[in-house]
Amino acid sequence: MPGGARISFNGVDSSLSSLKNCQSYINTGMDIATHVALDLVESFNDAEDVNSMENVMLEYAAMDRELNHYMRAIEETVNQGKRTWAILFLLQIKREKPENIPDLKSLVKEKFTALESKNSDSDLQKNEKYLYFKDQLKEMRKQFCHKSDNDNEAIEQIDEDIAVTQSQMNFICPITQMEMKRPVRNKVCGHTYEEDAILKIIQTRKQQKKKVRCPKIGCSHADVKGSDLVPDEALKRAIDSQNKQSWSTLEKSAGYAGATKKICC
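Residues numbered from 1 in each chain as written. Predicted model: local features only at pLDDT ≥ 70, side-chain atom pairs only at ≥ 80, totals over all residues. Heavy atoms only, no water.

Participant: Sorry, what's going on with unusual backbone geometry here?
Facilitator: Note: most peptide bonds trans; most residues except glycine with negative phi. Its identity is not glycine, yet Gln-177 carries a phi of approximately 60°, on the positive side. Tracing the backbone through its elements, the reader meets Gln-177 in the loop between α6 (153-170) and β1 (183-186). On the basis of relative accessibility, which here comes to 56%, the residue Gln-177 falls in the exposed class. Unusually for a residue other than glycine, Lys-209 sits at a positive phi of about 60°. Structurally, the position occupied by Lys-209 is in the loop between α7 (195-207) and β3 (229-231). (Helix = DSSP H or I, 4+ residues; strand = E, 2+ residues; numbered from the N terminus. Buried < 20%, exposed > 50% of the residue type's maximum accessible area, 1.4 Å probe, protein only.)

Participant: Would you take a moment to explain the confidence of the model for the protein chain for this structure?
Facilitator: Parts of the prediction with low pLDDT should not have their coordinates interpreted in detail. Residues of the protein chain with pLDDT of at least 70 account for 71%, and the chain-wide mean is 80. Element-level pLDDT for the protein chain is lowest in α6, with a mean of 49, against a maximum mean of 97 in strand β2 (residues 192-194). Counting contacts from residues 1-7, a segment whose pLDDT is below 50, to residues more than four positions away or on other chains yields 7 contacts. (pLDDT = per-residue confidence, 0-100. Contact = heavy atoms within 4.5 Å.)

Participant: Looking at this structure, I do not really get the pattern of salt bridges. What am I missing?
Facilitator: Should the charged atoms of two oppositely charged side chains come close, the side chains can pair. Here the structure, examined in full by the defined rule, presents 15 salt bridges. For Lys-134, the salt bridge is made with Glu-54, and the minimal N-O distance between the two is 3.2 Å. Placement of Lys-134 in helix α5 (residues 128-143) and of Glu-54 in helix α2 (residues 47-90) is noted, with a sequence separation of 80 residues between them. Across the pair Asp-135 and Arg-185 runs a salt bridge, and its minimum N-O distance is 3.8 Å. (Salt bridge = Lys/Arg side-chain N within 4 Å of Asp/Glu carboxyl O.)

Participant: For this particular structure, what's the right way to read the nonpolar core?
Facilitator: For soluble globular proteins, the rule of thumb is that nonpolar side chains tend to be buried together. Among the nonpolar cores identified, the biggest contains 42 residues, and Phe-133, Leu-137, Tyr-193, Ile-198, Val-224 and Leu-229 are the most heavily contacted of them. At the level of elements, α1 (3-42), α2, α3 (104-116), α5, α7 and α8 (233-264) are the ones that each hand at least two residues to this core. (Core = buried A, V, L, I, M, F, W, Y, C linked by side-chain atoms within 4.5 Å.)

Participant: Sorry, what's going on with the sheet that holds β3 here?
Facilitator: Strands in a sheet are paired, the pairing made by backbone hydrogen bonds, and the direction either parallel or antiparallel. Taken in spatial order, the 3 strands line up as β2-β1-β3 in an open sheet, and their pairing is antiparallel. One side of each edge strand has no neighbouring strand; the edge strands of this open sheet are β2 and β3. Each neighbouring strand pair of the sheet contributes to a mean axis angle of 40°, computed without reference to strand direction. Packing of α7 onto the sheet brings it into contact with β1, β2 and β3, and relative to β2 it is tilted by some 90°. (Pairing = 2+ DSSP bridges. Axes fitted to C-alpha atoms, helices over the stretch in contact; angles between N-to-C directions.)

Participant: How should the side chain of Asn-127 be read in this particular structure?
Facilitator: As for its position among the elements, Asn-127 is in the loop between α4 (121-124) and α5. Relative accessible area serves as the criterion here: at 12%, Asn-127 is assigned to the buried category.

Participant: Teacher, can you tell me more about the environment of Ser-106 here?
Facilitator: Counting through the fold element by element, Ser-106 comes out in helix α3. On the basis of relative accessibility, which here comes to 40%, the residue Ser-106 falls in the partly exposed class. Residues Ser-106 and Thr-77, spaced 29 residues apart in sequence, show a C-alpha to C-alpha distance of 9.5 Å.

Participant: Is there a simple way to think about α3 in this case?
Facilitator: Between its terminal C-alpha atoms α3 stretches 18 Å, which fits the 18 Å expected from 13 residues at 1.5 Å a residue. When we look at burial in α3, the residues that qualify are Leu-104, Val-108, Phe-112 and Leu-115. For α3, the angular spread of buried residues about the axis comes to 60°, placing them on one side. Turned more than 90 degrees off the buried face of α3, the exposed positions are Lys-109 and Glu-110. (Expected span 1.5 Å × (residues − 1). Arc of directions from axis to C-beta.)

Participant: Honestly, the packing of aromatic side chains in this entry has me stumped. Any pointers?
Facilitator: Two numbers describe a pair of aromatic rings. These are the distance of the centres and the angle of the planes. By the definition in use, this model includes 2 aromatic pairs. For the ring pair Tyr-70 and Phe-112, a centre distance of 5.6 Å and an interplane angle of 90° mean the geometry is edge-to-face. Here the residue Tyr-70 occupies a position in helix α2, and Phe-112 occupies one in helix α3, the gap between them amounting to 42 residues. The class of Tyr-70 is partly exposed, set by a relative accessible area of 36%. Overall, the relative accessible area of 18% leaves Phe-112 in the buried class. (Phe/Tyr/Trp six-rings, centres within 6.5 Å; stacked < 30°, edge-to-face > 60°.)

Participant: Would you take a moment to explain α7 for this structure?
Facilitator: Count 3.6 residues to each turn of an α-helix, and residues three or four apart come out pointing the same way. Over its 13 residues, α7 extends 19 Å from the first C-alpha to the last, a length consistent with the 18 Å expected when each residue adds 1.5 Å. What α7 keeps buried is the set Ala-197, Ile-198 and Ile-202. All buried residues of α7 lie within an arc of 130° about the axis, which places them on one face of the element. Turned more than 90 degrees off the buried face of α7, the exposed positions are Asp-196, Lys-200 and Gln-207. Looking at the buried positions of α7, the neighbouring elements they touch are β1, β2 and β3. Positive backbone phi, at 60°, marks Lys-209, one or two positions downstream of α7.

Structure representation (structure tokens):
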């Protein structure tokens, strides 16, 4: 195999590595955009601001798709080129004229163009990080929705107490039976667990060569995998917010009790 061709292929491999680094930057950007959107929802900002972050996510998804197509075009071209060079070597025609050597650049461009021609807007909405973004926004809005005004304050208070109780139930890990600190959501069945607890079970069952059934009572999902678990940032924020409110209430109560004691004395 000609030395020049080998160098060329090595150079392409190096370029692929650089492109994958670029992809990691895109992923980081999408993570940041997701956190900003959740911050906006938590602080009850205008929906227009949240929608602008969704547009940012779609732009990132478009960049990710284009980068994936380019890397795929390069990988397919390199594999095709290596097969071609192997055939040339076996046929012992190393001294072929340059015009008979495959033009890698043209082949990459051709394959990339073919892949890009199949693009559609629906592709962007299937991006894994965009789907996570939408899911977390939905959960965040459930936890931090605006409370509507009611004329009957007693009914409003009852409804609020019920909502808080239900939320607190969702804060409990089905494994530890304790409030979650680092909740992760199962993408398959939608249930949440304490991260360390579920990963420990998965690791133990893996050593036993057995599958893990979802620990949530009533769930039929019988094959929980670590790759199906994603951080539930919305739930974590809801738990943190609830705890802050509880501490605030306790502090106010303690302050009121202290003030009353001083007056009485």
